[in-house]
Amino acid sequence: MALIRRLQLNTGTVKQFSGILQQREVHLPSFVYDKAYVDGKWVAATSGMTFKVLNPYDGKSLGVVPNMGEEDCKAAIEAAHAAFQEWQNTTAKERSMLLRNWYNLLVKNENELAKIITLEAGKPVKESVGEVQYGHSFVEWFSEEARRINGEVLCSPVKSKEMILIKQPIGVTGLITPWNFPMAMITRKAGAALAAGCTCVVKPAEDTPLTALALAALAEEAGFPKGVFNIVTCDRDNAPAIGKMLCESPLVAGISFTGSTEVGKLLYKQCSQGVKRIGLELGGNAPFIVFNTADVDKAVVGAMASKFRNCGQACVSANRFLIQEEVFDKFVAKLTEKMQQELVLGSGITSTSTLGPLINITQTMKVNKIVEDAVQKGAKVLLGGKQAVNVGERFYEPTLLTNVNDSMTCYKEEIFGPVAVCIKFKSEEEAVSIANDTKRGLAGYFYSNDITQIFRVAKKLSVGMVGINEGMISSAEAAFGGVKESGIGREGSHHGIDEYVYIKYLCFGNL
Ligand code: ADP
């Protein structure tokens, strides 16, 4: 089936792809889909409507996908609900094997998937390969975890009773995902949901539906039964209605969302109606602290990775660099040098570029506004500070700002762009106080070689994840998630399964 689908390439898309790719001697992705995937079928929207997927590098269309509406979403929910009746009774071993098949196919198609990610999300292909590897690591991990969703036998307080706890899948899940990690944000959720015995309706971001559809094609090839994994594509205008339906349909048991805090809060509210299970991975405002005792060279390497991966468009990106006064000048000088040496703007397809465009014009304008606001309020621009229109409309110069204070938007809000903001502090207490002075609490990082300080600060940071002398912390084995307004629940690790199971208590009496 999947092989047949692969032949149904959108010819317009191929032309576009070949136009971009031939110049750079990179081969076409061999599969790209122009239909959504519902109940094991490749389908158009009932309305026949489509929307364009744009390449953020040059704004050109890569092709079209269905612009689905409520009727299509309802059909997907019903298909997932029907499929759940059988899927919930599969054995853990059966589900594990299907996930393993999917993982093997994702590994086999690593380069093709990476090209699709680069074309629709703009990140350098090396980073896209990294995302594919990160993405399929969740499928591998949950193929293993599927077989360890064990219950418990309790110590009964009375002789006449035995008590056990079993875990059961919650049912149909609605998975709403963002564009910044178009593969990994789906597999991190769907891997856990499928392992637990849930079925899924995935609503990928409007900027990056092609990766989601490629994942569906490989899931189909892996052998998942029809209706177990569905993809509903829609544009930004239709997203609220589809999101509302997923949150409010009595056939959906739970929602998992990664995206903005604003949309997360709306979904939370909508889920309250039916008291739905909800997992939220929302925005961050990560502090990256460098103490006087730190190895500054290592801190700069960590800063580069944390700040500039995916052009700063990650919720765990360092948002505020807090540097202790003795090492401030040294850190800033070394960071400036590294940024000049290592950051090359360009198309993600070329091997020389290390920094792609921002995802769309809205995002580029947002970053521009944040920098303008800082400059107007007295920030000093050491590097960059404006759009890189010579490279493309969506590109922004790698930017370094100092003299930053708490009146500026860049101090309070997630920047989501290649803008490094450096703030000087005097004492450990001051650093922790600035770090925690935000409603967000996703990731935090610090560099120190004082073991007592390491334990103190790690405990005091109000975040869900801490990188200690490390700028890259994400891994399938670890629990990903935040505190405060950064979200609810954890993804990855064995805790990731908890979002998708109910604990049922069985009490055997009169023994
Ligand atoms: P961003 O602003 O970075 O695009 P969003 O939170 O707006 O982040 O988008 C993340 C995901 O949420 C995308 O799939 C998007 O289509 C979806 N989305 C946006 N608005 C809504 C909404 N009102 N209800 C449900 N999903 C939505």
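Residues numbered from 1 in each chain as written. Predicted model: local features only at pLDDT ≥ 70, side-chain atom pairs only at ≥ 80, totals over all residues. Heavy atoms only, no water.

Looking now at the packing of helix α3 (residues 70–87) against helix α9 (residues 239–248). For the pair α3 and α9, interaxial distance at closest approach is 9 Å and the crossing angle is 30 degrees. The angle between α3 and α9 places the two elements in the roughly parallel class. Considering only the axes of α3 and α9, their crossing is right-handed. Facing α3, whose interface residues are Glu70, Cys73, Lys74 and Ile77, α9 presents Ala241, Ile242, Met245 and Leu246. Considered class by class, the residues forming the contact of α3 with α9 number six nonpolar, no polar and two charged. (Axes fitted to C-alpha atoms, helices over the stretch in contact; angles between N-to-C directions. Helix = DSSP H or I, 4+ residues; strand = E, 2+ residues; numbered from the N terminus. Parallel < 35°, antiparallel > 145°, perpendicular 65-115°, else oblique. Left-handed = near helix turned anticlockwise from the far one by under 90°. Contact = heavy atoms within 4.5 Å. Nonpolar A, V, L, I, M, F, W, Y, C, P; charged D, E, K, R; others polar.)

In this section: the sheet that holds strand β6 (residues 162–169). A sheet is described by the order of its strands in space; here three strands give the open sequence β5-β6-β22, paired in antiparallel fashion. Where the open sheet ends on each side, the last strands, each with one partner, are β5 (152–154) and β22 (501–508). For this sheet the average axis-to-axis angle between neighbouring strands, irrespective of direction, equals 25 degrees. The pairing of β6 with β22 spans eight bridges and is classified as antiparallel. Along β22, the bridge assignment pairs Met163 with Cys507. (Pairing = 2+ DSSP bridges.)

Right, let's get into the sheet that holds strand β14 (residues 380–383). With mixed pairing, seven strands are arranged side by side in an open sheet as β14-β15-β16-β13-β12-β18-β19. Each having just a single partner strand, β14 and β19 (465–468) make up the two edges of the open sheet. If you compare each strand with its neighbour and ignore which way they point, the axes differ by 25 degrees on average. Pairing of strand β12 (residues 286–290) with strand β18 (residues 443–447) involves three bridges; the strand directions are parallel. Bridging across to β18, Val290 finds its partner in Tyr447.

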